[in-house]
Amino acid sequence: MINKLKTHVKSLEREMFELLERLVLIQSGTYNKAGVDLVAEHIDRILAEVPLSTQVLPMKKCGNMVLALNRKAGQEKSVLLMGHMDTVFPENSGFNHYREDRFKAYGPGVLDMKGGLVTGIFALKALSDLELLDDIPVTVFFNSEEEIGSPYSRELITELARKSRAAFVLEGGGLDSQVVVGRKGKTGFDLLISGKAGHAGCAGLDKPSAVLEAAYKTIALEALNRPPHILINVGLIHGGMGPNSVAESARLGVDVRFTHKEDGKCLMEKIRKIAEKNFVCGTASELRIGSNRPPMDTDHRIEALYRVALETSRKYGLPLGRETRGGVSDANYIAAMSVPVLDGFGPCGDMDHSDREYILKKTMVERTILLAGCLLEFGGV
Ligand SMILES: [Zn+2]
């Protein structure tokens, strides 16, 4: 069976790259609904051929999404394959071409994560071709707004995770064949600071300057940093009207990352205290939490799933490593439901979110075999 699967996936390699090129050439930045819809339509058609029972979920405020499953997934807890069809590149981005050389493929989303979508689709197709898919309960969910925090699909991801025994997320793999076993949690927030306007020429030491308060708060917030597990970055500061006015308002934009759930809670308490405290008399502050993703903490469930992946990689003679990442993905939401999840199952590469984004071509087949092999473990074949 091992050789049969490997040989079959290899025979599909050209088809995989043809699909990758087709998907990459459809511009699908998160806010480009028409583009994302087109990707969804395309993928829906391909998943129907696998065959899976598939549907496009129409969305009003973002691109459409795709949900597919086989018969067995309706009967028992499923293995969830999760990916996103949007990219970070807007419609007018100059990075809108696809190119291959001997070792690499380049293009917008080639790594993040149209390559991963191809891996997922072809792992299922290969298993289906070999009549192995019916025994594995599989659910596929491809959303359309992961790059902005999955605000419209978060609920469905949580619901699907609840019905899953394990999940594989198809983000790009690391350059040394790593899959992702942990991700930091992330909270983004704004601090809106108000002061009282006045003429700079008449102000005393007690002037209620929002900019001065913002400066104190920046220093207090940055002092909470405890790398590598707790990272807090005041990345945006905006305020005041001009040098000759006492600043009436200021805004801080802050990004917080943490490895462990408990750290996140404790950190938010400290942040609230800093928000409430007035360093400068006569100012007031409002904390506005924006995005918020729990950490993907590498617990025993994830360790157990990694062992399955490692055994599978050995069986099939494939390279495999592990890593934790500071960036977030939908794996964070899945892990928060106490479901074993591994991320980074797409082809390996680098420079995502830039116009130098690429994948290593040989890892397309490797990752597809790995994923198909891992799925087989759940079918008991
Ligand atoms: Zn991604």
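Let me sum up the structure you'll find in this document. (Residues numbered from 1 in each chain as written. Predicted model: local features only at pLDDT ≥ 70, side-chain atom pairs only at ≥ 80, totals over all residues. Heavy atoms only, no water.)

## What to know about the layout of surface pockets
Definition in use: Note on definitions: the grid is 1 Å and covers protein atoms alone; a cavity is a set of points where a 1.4 Å probe fits but cannot get out; a pocket is an open set with protein on both sides within 12 Å along at least five of seven lines; lining residues have an atom within 4 Å of a point. Grid points are joined across faces, edges and corners, and a volume is the space filled by probe spheres set on the points. In DSSP terms, a helix is any run of H or I states spanning at least four residues, a strand is any run of E spanning at least two, and both are numbered starting from the N terminus. The residue classification treats Ala, Val, Leu, Ile, Met, Phe, Trp, Tyr, Cys and Pro as nonpolar and Asp, Glu, Lys and Arg as charged. All others, Gly included, are polar. Start and end positions for the domains come from either an automated domain assignment or a database one.
A volume near 480 Å³ is recorded for the largest pocket. Taken together, 24 residues form the lining of the largest pocket, with Asp112, Glu147, Gly327, Val328 and His353 sitting closest to its centre. For the lining of the largest pocket, the secondary structure elements donating two or more residues are helix 5 (110-129), strand 14 (284-293) and strand 17 (349-350). Per-class residue counts for the lining of the largest pocket are four nonpolar, nine polar and eleven charged. When residues are assigned to domains, the lining of the largest pocket turns out to be shared by domain 1 (2-184 + 295-379) and domain 2 (185-293), each giving three or more.

## Notes on the coordination of the zinc ion
Defined as follows: Any nitrogen, oxygen or sulfur atom within 2.8 Å of a metal ion counts as a donor, with the limit raised to 3.2 Å for Na, K and Ca, and since water is left out, coordination shells can look unfinished. Only two sets of limits are used to name each site, 85 to 135 degrees for every angle of a tetrahedral four-donor site, and over 155 degrees for opposite donors with all other angles from 65 to 115 for a square planar four-donor or octahedral six-donor site, with any other site named irregular. Working definition: with a 1.4 Å probe on protein chains only, accessible area under 20% of the residue-type maximum means buried, over 50% means exposed, and in between means partly exposed.
Donor atoms from the polypeptide that bind the zinc ion are His84 (NE2), Asp112 (OD), Glu171 (OE) and Glu171 (OE), placed at 1.8 to 2.6 Å. Given four donor atoms and angles of 54 to 142 degrees at the metal, the environment of the zinc ion is assigned as irregular. Binding-site remark: the zinc ion is held by donors from one chain whose sequence spacing is H-x27-D-x58-E. Here His84 is found in strand 3 (residues 78-84), whereas its partner Asp112 is found in helix 5, with 28 residues between them in sequence. Of the two residues, His84 and Asp112, neither departs from the other in class, the shared state being buried.

## Regarding the nonpolar core
Which entries qualify depends on this criterion: Only buried Ala, Val, Leu, Ile, Met, Phe, Trp, Tyr and Cys residues count toward a nonpolar core, and they belong to the same one when joined by side-chain atoms within 4.5 Å. Two residues qualify as a contact provided that any one of their heavy atoms is within 4.5 Å of a heavy atom in the partner residue.
By size, the foremost hydrophobic cluster in this structure holds 86 residues, and its most contacted members are Ile43, Leu47, Leu124, Phe168, Ile334 and Phe345. Per-element accounting of this core gives the leading share, eleven residues, to helix 5. The residues contacting Phe168, other than those within four sequence positions of it, are Val79, Leu80, Leu81, Met82, Leu305, Leu342, Phe345, Leu371, Cys374 and Phe378.

## Observations regarding the pattern of salt bridges
Rules: Any carboxyl oxygen of Asp or Glu that lies within 4 Å of a side-chain nitrogen of Lys or Arg is treated as forming a salt bridge with it.
One pass over the full model with this rule turns up 21 salt bridges. Taking the shortest distance from any N to any O, the salt bridge between Asp37 and Lys33 comes out at 3.2 Å. Of this pair, Asp37 and Lys33 both sit in helix 3 (residues 33-49), four residues apart, which is roughly one turn of the helix. When its relative accessible area of 27% is taken as the criterion, Lys33 is described as partly exposed.

## Observations concerning the environment of Thr363
To be explicit about the condition: In the analysis that follows, any N or O atom pair within 3.5 Å is treated as a polar contact, provided that within protein one partner can donate a hydrogen and the other can accept it, and provided that, for residues neighboring in sequence, both atoms belong to side chains.
When you line up the elements, Thr363 lands in helix 11 (residues 362-379). Thr363 sits in the buried class, given a relative accessible area of 2%. Placed 209 residues apart in sequence, Thr363 and Arg154 show a C-alpha to C-alpha distance of 30 Å. Once residues lying within four places of it in the same chain are set aside, the contact partners of Thr363 are Pro347 and Cys348. At 2.9 Å, the side chain of Thr363 and the backbone nitrogen of Cys348 are in polar contact.

## Re the packing of aromatic side chains
The cut-off we apply is this: Centres within 6.5 Å are what make two rings of Phe, Tyr or Trp a pair, Trp counting through its six-membered ring; a difference in plane orientation under 30 degrees is then read as stacked, over 60 as edge-to-face, and the rest as tilted. For a ring to carry a charge above it, either NZ of a lysine or CZ of an arginine must fall within 6 Å of the ring centroid while also lying within 35 degrees of the normal to the ring plane.
Here the structure, examined in full by the defined rule, presents five aromatic pairs. Judged by centre distance (6.3 Å) and plane angle (50 degrees), the rings of Tyr106 and Tyr358 are tilted. You can see Tyr106 sitting in strand 5 (residues 104-106) and its partner Tyr358 sitting in strand 18 (residues 358-360), a full 252 residues away along the chain. With respect to burial, Tyr106 and Tyr358 carry one shared label: buried. Each residue in the set Phe168, Phe345 and Phe378 is aromatic and connected to the rest through ring pairs, giving one cluster. A cation sits over an aromatic face here: Arg99 above Tyr106, 4.1 Å from the ring centre. Taking the ring centre of Tyr306 as reference, the NZ or CZ of Arg322 above it sits at 4.9 Å.

## What to know about the side chain of His8
Within the secondary structure layout, His8 lies in helix 1 (residues 2-11). Here the side chain of His8 touches Asp129 through a polar contact of 2.8 Å, side chain to side chain. Not counting the four nearest positions on each side in its chain, His8 is found in contact with Ala126, Asp129 and Leu130.

## Focus: the packing of helix 1 against helix 11
Note the following rule: With axes taken as lines fitted to C-alpha atoms, and helix axes fitted only over the stretch in contact, angles between N-to-C directions fall between 0 and 180 degrees. Any angle from 65 to 115 degrees is called roughly perpendicular, while one under 35 is roughly parallel, one over 145 is roughly antiparallel, and all others are oblique. What makes a crossing left-handed is the near helix being turned counterclockwise from the far one by less than a right angle; a clockwise turn instead makes it right-handed.
Between helix 1 and helix 11, whose axes approach to 10 Å, the crossing angle comes to 140 degrees. One finds that helix 1 runs oblique with respect to helix 11. The interaxial crossing formed by helix 1 with helix 11 has right-handed handedness. Seen from helix 1, the contacting residues are Leu5, Lys6, Val9 and Lys10; seen from helix 11, they are Val365, Thr368, Ile369, Ala372, Gly373 and Leu376. Residue composition of the contact of helix 1 with helix 11, by class: six nonpolar, two polar and two charged.

Functional significance is not addressed by these values, which are geometric in nature.
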